[in-house]
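# A closer look at the structure
So you can see what is in the structure, the chains are spelled out below.
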Amino acid sequence: MENPFLVLLREVDRIEVITVIDNYVDVLLVSSANVTRPPNSRGEEIPTDALLAEHGLCLLVNVYQGEETHTVLFDTGYTRLGVLHNMELLEIVPDAIEAIVLSHGHMDHTGSLYPLIKKISNPIPLMVHPDAFLFPRYVEAPDGKRLRMPRTLIRDDLAHTTVKLFETKTPTLMANDMIMVTGEVERITKFEKGMPNAFVEKNGKNEPDRILDDQSLVINLKGKGLVVIAGCSHAGIINTVIFSEKITGVSKIHAILGGFHLSGPVYEQIIEKTIQEFKKIAPEIIVPMHCTGWNAIHRFSQEFPSSFRLNSVGTKITLSRNLL
């Protein structure tokens, strides 16, 4: 049967993913295969300022095909300070960003959006799932108390900015067909159950929030396979990979990066099952970030010693058809 979702994703020669914000920073890490750490000095001087970490994610994604290059920002961190501060230290020019993609509407992925937009002089495409604008959203604490998430994304406010808003639920190509945004991810695994303590208010009633706005980036590295870049994987990182294979028609996974959402008592119960599924997928590069959590990251480092890369703010991951 013909796949109605099939997206013709162009192959690229090289991918660079620069971590602008993540939960962890370590200036003493050294560069290694595929991994370039930021310098800890300028000339002979140790700087007086440092890269900041926060519970959030922001990745600058560069793709290269021949002489063609495209730059996309994936998520914008938690606070209004960290992303812009780190961009300055990393010498990232806001006007070099061609488009912004939000993985979903939670505050730790949207926090710097508005101040960042003000730094970009030209109209900037912003790609989101429509549910990213849902409000109010809540998380239920262990004592049963429901805590309301801050509202960091407002559709009407964006209409008064330089943003060109693109809302879509379906797989969408961007960067001249070199990057795909998954849109809404099919949920077929039995063990990935989303965020059971998340709720959303609709029509005056609270109901479970399935976080359908969760979406990821997918890139096809020539001769190597797919590179999947997840924000928080509320749909499940394995579901995300399976869906990426389905909609591209590419079955080889070269690398999986991003937040796998395996932190905390509820999600740590599925760490081992997730690792079992990763072994079936057999990616050559694994870079857990953000909400993956220390226990899961530690287990990935144990089970995938040759594939695992420890992430840190300022790290650049380079994936190339010419590199192992």
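The coordinates are above.
Just so it is clear, the structure is predicted and the values come from calculations on it, not from any experiment.

Turning our eyes to something else, we now look at the overall build of the chain. Scanning the chain from N- to C-terminus turns up 8 helices and 19 strands. What you see for the chain is a C-alpha radius of gyration of 19 Å, in line with the 20 Å of a compact globule of 324 residues. Considered along the principal axes of its C-alpha atoms, the chain spans approximately 60 × 45 × 40 Å. Buried positions account for 55% of the 324 residues belonging to the chain. In the structure as shown, the chain presents an accessible area of about 14,800 Å², 53% of it carried by carbon and sulfur atoms. Here the chain contributes 32 positive and 39 negative side-chain charges, whose respective centroids are spaced 4 Å apart.

Turning to the packing of aromatic side chains, a few remarks are in order. Applying the stated criterion across every chain, the model contains 5 aromatic pairs. Measuring from centroid to centroid gives 5.6 Å for phenylalanine 260 and phenylalanine 300, while their planes differ by 65°, and the two rings are edge-to-face. Pair noted here: phenylalanine 260 is in the loop between β17 (253-259) and α6 (265-268) and phenylalanine 300 is in helix α8 (residues 294-303), with a separation of 40 residues, a long-range link. The class of phenylalanine 260 is buried, set by a relative accessible area of 2%. A centroid spacing of 4.9 Å and a plane angle of 75° characterise the contact between phenylalanine 278 and phenylalanine 300, whose relative ring orientation is edge-to-face. One end of the pair, phenylalanine 278, is in helix α7 (residues 271-281); the other, phenylalanine 300, is in helix α8, and 22 residues separate them in sequence. For the pair shown, phenylalanine 278 and phenylalanine 300 are each scored as buried. Ring pairs connect the aromatic residues Phe260, Phe278, Phe300 and Phe304, which therefore count as one cluster. Note that arginine 14 overlies the ring of tyrosine 64, its terminal NZ or CZ placed 3.8 Å from the centroid.

Below, the discussion takes up helix α5 (residues 237-248). For α5, with 12 residues, the first-to-last C-alpha span of 17 Å sits near the 16 Å given by 1.5 Å per residue. Within α5, 9 of the 12 residues are buried, leaving the element largely enclosed by the surrounding structure. Residues of α5 that are buried in the fold lie against β12 (179-181), β15 (217-221), β16 (225-230), β17 and α7. Immediately downstream of α5, the backbone of glycine 249 shows phi near 75°, a positive value.

What follows is about the pattern of salt bridges. Tallied over the entire structure, the rule returns 15 salt bridges. Ionic pairing is found between lysine 279 and glutamate 303, a salt bridge with its closest N-O pair at 2.8 Å. A residue pair is termed long-range when its members are at least 10 positions apart, and lysine 279 in helix α7 and glutamate 303 in helix α8 qualify at 24 residues.

Bringing the sheet that holds strand β14 (residues 205-208) into the picture now. In a beta sheet, neighbouring strands pair by backbone hydrogen bonds and run either parallel or antiparallel. As summarised here, the arrangement of the 4 strands in space is β9-β8-β13-β14, forming an open sheet in which the pairing is antiparallel. With partners counted over all chains shown, the strands left at the sheet margins are β9 (146-148) and β14, one partner each. Across the sheet, the axes of successive neighbouring strands diverge by a mean angle of 35°, strand direction being ignored. Examined bridge by bridge, strand β8 (residues 137-140) and β9 share 3 bridges and lie antiparallel to one another. Paired with tyrosine 138 across the strands is arginine 148, a residue of β9.

Time to look at the packing of α5 against α7. Their axes nearest at 10 Å, the elements α5 and α7 cross at an angle of 25°. Judged by the inter-axis angle, α5 sits roughly parallel to α7. At the point where α5 passes α7, the crossing takes the left-handed sense. Seen from α5, the contacting residues are Ile237, Ile238 and Val241; seen from α7, they are Thr274, Glu277, Phe278 and Ile281.

Where burial is concerned, most of strand β7 (residues 124-128) is hidden: 4 out of the 5 residues are buried. Direction of pairing for strand β6 (residues 99-101) relative to β7: parallel, over a ladder of 2 bridges. If you follow isoleucine 100 over to β7, its bridge partner there is leucine 126. As defined by bridge partners, β7 adjoins strand β10 (residues 163-167) across 5 bridges and the pair is classed as parallel.

Turning next to the sheet that holds strand β5 (residues 68-74). The strand order across the open sheet built from 8 strands is β3-β19-β2-β4-β5-β6-β7-β10, with neighbouring strands paired in mixed fashion. Of all strands in the sheet, those with a lone pairing partner are β3 (35-36) and β10, marking the two edges. As paired elements, strand β4 (residues 58-65) and β5 share 7 bridges and run antiparallel to each other. Pairing of leucine 59 across the sheet is with phenylalanine 74, part of β5. Strands β2 (14-21) and β4 of the sheet are contacted by helix α1 (residues 82-89), whose axis makes an angle of about 125° with β2.

So, about the environment of valine 266. Relative to the helices and strands, valine 266 is located in helix α6. Given the relative accessible area of 45%, valine 266 is considered partly exposed. Separated by 70 residues in sequence, valine 266 and proline 196 place their C-alpha atoms 8.6 Å apart.

In this structure, threonine 240 sits in helix α5. A relative accessible area of 0% places threonine 240 in the buried class.

Parameters and conventions
Residues numbered from 1 in each chain as written. Predicted model: local features only at pLDDT ≥ 70, side-chain atom pairs only at ≥ 80, totals over all residues. Heavy atoms only, no water. Helix = DSSP H or I, 4+ residues; strand = E, 2+ residues; numbered from the N terminus. Rg over C-alpha atoms; globule rule 2.2 N^0.38 Å. Buried < 20%, exposed > 50% of the residue type's maximum accessible area, 1.4 Å probe, protein only. Areas by Shrake-Rupley, 256 points an atom, 1.4 Å probe, with all protein chains shown as cover. Lys, Arg positive; Asp, Glu negative; His and termini not counted. Charge placed at Lys NZ, Arg CZ, Asp CG, Glu CD. Phe/Tyr/Trp six-rings, centres within 6.5 Å; stacked < 30°, edge-to-face > 60°. Lys NZ or Arg CZ within 6 Å of the ring centre and 35° of its normal. Expected span 1.5 Å × (residues − 1). Contact = heavy atoms within 4.5 Å. Salt bridge = Lys/Arg side-chain N within 4 Å of Asp/Glu carboxyl O. Pairing = 2+ DSSP bridges. Axes fitted to C-alpha atoms, helices over the stretch in contact; angles between N-to-C directions. Parallel < 35°, antiparallel > 145°, perpendicular 65-115°, else oblique. Left-handed = near helix turned anticlockwise from the far one by under 90°.

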